[in-house]
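Okay, here's what each chain looks like letter by letter:
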Amino acid sequence: MRLLDASGIRKVFDLAAKMTDPINLSIGQPDFDVPDAAKDVAIRAIRSGDNKYTQTQGKAELRQALANLCRREFGWSDAEKRPYLITSGVSGGLLLAILTTVNPGDEVLFADPYFVMYSHLVNLAGGVPVPVGTYPDFRPDVNKLADAITDRTRMLILNSPANPTGAVYTERELRDIADLAARHDLLVLSDEIYDLFCYDQPFASIAKWYEKTLLLRGFSKSYGMTGWRIGWATGPAPILEKMTMLQQYTFVCAPSIAQSAALAAMDVDMTPHVNAYRRKRDMVFDALGETFGLVKPGGAFYAFVSAPGGDATKFVARAIENNVLVIPGNVFSSRDTHFRLSYAAADETLQKGLEILRALA
Ligand code: PMP
């Protein structure tokens, strides 16, 4: 526990607590609500008594729907070889995956900046987080990844579209990473929670080219269901079996009602929301691109912006004094030169925030 540290983000929230009616561009969740079709199914599930434990691996109908999705996307047809596990959010999947695969001393590679949970969970398992820098353009550099590989490297975590940078990896980059992983026989954990939010190119998963991929996806971001705690995992059977066993002794199962709702959500077309976020992404890039030298983010709903003056904590403190809440980069990185702005906010709020940031710069 001594290796876990939440001081960076806590400082920001302490500052934020003093703000009255802040322009909040710090939030890591969509500003749209759960689709009505999913809400209706959840309400019916509650009323009809569908309120008990489910199978540990999750409801069969939902797993079947996910298997169908993977058959369409990857051509996978053998659920024996690659079973499905419904998890309590992608966070639940990450915890099970990392506790299952990482032994004390094992090294786990991921891009820096990164989603904070990766380093904390690797530490929790006694492993060694190995962040590999991707500044200034946040592209994955296969040579740098190759240099970071040692005989203790156990796993490579990918996250595209990425939190906090909004980077979307290209097919070429993913194929190169797959080749590298194959040469070293590495397990790849691919966190694809933002798969729906790709603005300039179709989403691509490394699972298409690499057999030893442990795939995690969720419903939190795609369907605005962050509070419903629902995600899923699929990958090589020996790993999925152990993750399922660990779920049995920890989470037991994902929320039963959310499992039914997630199945209904899969039929909802979220394109209008994705289009709205593409437009917000453009608003951010138009406002900050030149002034801040912002690399255009291609997905998720974040921009990772270099802080004028080079000291993100200082700049974020100034932004907060001016009622704009964003997160300093050192929460996500070994560097403190950038800040994360979430554009999952109403246009008016976003516009106001962008104007203030520009004025500050
Ligand atoms: N992975 C990434 C990259 C995320 O940004 C998040 C949420 N912030 C998660 C996983 C976890 O999401 P959840 O547990 O709600 O599915």
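One can find the structure itself at the top, above this paragraph.
Because the structure is predicted, anything quoted here is derived from the model rather than measured.

Rules used throughout
The numbers attached to residues start from 1 for each chain and follow its sequence in the written order. Restriction of local features to residues with pLDDT of at least 70 applies here, the model being predicted, together with a cutoff of 80 or more for giving and counting side-chain atom pairs; totals for whole chains, interfaces and linings are based on all residues. Here the side-chain values reflect all heavy atoms present in the structure, with hydrogen atoms and water set aside. Strands are treated as partners if at least two bridges between them are detected by DSSP. Under the DSSP-based scheme used, a helix requires at least four consecutive residues in state H or I and a strand at least two consecutive residues in state E, with every element numbered from the N terminus. Angular values range over 0 to 180 degrees, each being the angle between N-to-C directions of two axes fitted as lines to C-alpha atoms, with helices fitted over their stretch in contact. Throughout, a residue-residue contact means that at least one pair of heavy atoms, one from each residue, lies within 4.5 Å. Only protein atoms enter the 1 Å grid used here, on which a cavity is any set of points holding a 1.4 Å probe that cannot leave and a pocket is any open set flanked by protein within 12 Å on both sides along at least five of seven lines; residues with an atom within 4 Å of a point are listed as lining. Grid points are joined across faces, edges and corners, and a volume is the space filled by probe spheres set on the points. Residues are sorted three ways: Asp, Glu, Lys and Arg are charged, Ala, Val, Leu, Ile, Met, Phe, Trp, Tyr, Cys and Pro are nonpolar, and all the rest, Gly among them, are polar. Whether a residue is near a molecule or strand is decided by its heavy atoms; if any one of them lies within 4 Å of it, the residue is near. N or O atoms within 3.5 Å of each other form a polar contact, as long as, within protein, one can give a hydrogen and the other can take it, and as long as residues adjacent in sequence are counted only when both atoms are side-chain atoms. Exposure was quantified through the Shrake-Rupley algorithm and a 1.4 Å probe, taking into account, for residues, occlusion by the shown protein chains and nothing else. A patch consists of residues exposed above 30% relative accessible area that lack any salt bridge, with like charges linked at up to 9 Å and nonpolar side chains (Val, Leu, Ile, Met, Phe, Trp, Tyr) linked at up to 5 Å. Any carboxyl oxygen of Asp or Glu within 4 Å of a side-chain nitrogen of Lys or Arg constitutes a salt bridge here. Burial classes follow relative accessibility: with a 1.4 Å probe on protein chains only, a residue under 20% of its type's maximum area counts as buried, one over 50% as exposed, and anything between as partly exposed.

Participant: Could you clarify how one ought to interpret the sheet that holds strand β4 (residues 128–133) in this entry?
Facilitator: Across a sheet, strands are paired by hydrogen bonds formed along the backbone, either parallel or antiparallel in direction. Strand order in this open sheet of seven strands is β2-β8-β7-β6-β5-β3-β4, and the pairing throughout is mixed. Strands at the two margins of the open sheet, each flanked by one partner only, are β2 (84–87) and β4. Taking each pair of neighbouring strands and ignoring which way they run, the sheet shows an average axis angle of 20°. Relative to strand β5 (residues 153–158), strand β3 (residues 107–112) runs parallel, the two being bridged by four bridges. The residue bridging Phe 110 from the neighbouring strand is Ile 157, located in β5. Against the sheet, helix α3 (residues 60–74) contacts β2, β7 (213–218) and β8 (231–234), and its axis sits at roughly 120° relative to β2. Across the sheet, helix α5 (residues 117–124) lies against β3, β4, β5 and β6 (187–191), angled at about 155° from β4, the strand it touches most.

Participant: Sorry, what's going on with empty space enclosed by the protein here?
Facilitator: Once rolled over the atoms, a probe with the size of a water molecule shows which space is left empty. If you walk through the whole model with that rule in mind, you get three cavities of 30 Å³ or more. Estimates place the volume of the largest cavity at around 100 Å³. At the level of secondary structure, the elements contributing two or more residues to the lining of the largest cavity comprise β3 and β5. The class makeup of the residues in the lining of the largest cavity is twelve nonpolar, four polar and no charged. Each pocket or cavity is described by its volume, and for the second largest cavity that value is around 80 Å³. The wall of the second largest cavity is formed by 14 residues, among which Phe 110, Ala 111, Pro 140, Leu 145 and Tyr 169 lie closest to the centre.

Participant: Please clarify how the site of the ligand should be interpreted in this entry.
Facilitator: In the neighbourhood of the ligand, 13 residues make up the surrounding shell, with Ser 91, Asp 191, Tyr 194, Ser 220 and Arg 229 lying closest. Val 90 places a main-chain nitrogen or oxygen 2.7 Å from an oxygen atom of the ligand. The contact in question runs from an oxygen atom of the ligand to an N or O atom on the side chain of Ser 220, over 2.7 Å. Considered on its own, the ligand offers 400 Å² of accessible surface; in the complex 91% of this is hidden by protein.

Participant: I tried to follow a nonpolar patch on the surface on my own but got confused; where do I start?
Facilitator: The grouping of Met 1, Leu 3, Leu 4, Leu 99 and Leu 124 at the surface amounts to a nonpolar patch, some 500 Å² of accessible area in total. Secondary-structure assignment places Met 1 in the segment before α1 (7–17).

Participant: I'm lost on the sheet that holds strand β12 (residues 338–342) in this one. Help?
Facilitator: Judged by pairing direction, the sheet is antiparallel, and its three strands sit side by side in the order β9-β12-β11 without closing on themselves. The sheet terminates laterally at β9 (302–306) and β11 (327–328), the two strands that pair on one side only. Relative to β12, β11 is paired through two bridges, and the arrangement is antiparallel. Paired with Pro 328 across the strands is Phe 339, a residue of β12. The strands touched by helix α10 (residues 271–292) are β9 and β12; relative to β9, the strand with the most contacts, the crossing angle is about 20°.

Participant: Looking at this model, I keep getting lost on the pattern of salt bridges. Mind explaining?
Facilitator: A side chain with one charge may pair with a side chain of the opposite charge, provided their charged atoms come close. With the rule as written, the count across this model stands at 16 salt bridges. Note that Asp 50 and Lys 59 form a salt bridge whose closest N and O atoms lie 2.6 Å from each other. Its relative accessible area of 25% is what places Asp 50 among the partly exposed residues. Classification of Lys 59 by relative accessible area gives buried; the value is 12%. The salt bridge involving Arg 139 is made with Glu 173; its shortest N-O contact spans 2.6 Å. Remark: Glu 173 occurs in helix α7 (residues 171–184) and Arg 139 occurs in the loop between β4 and α6 (142–148); sequence separation between them is 34 residues. Here the salt bridges share partners, and the residues they tie into one network are Glu 73, Glu 192, Asp 195 and Arg 217.

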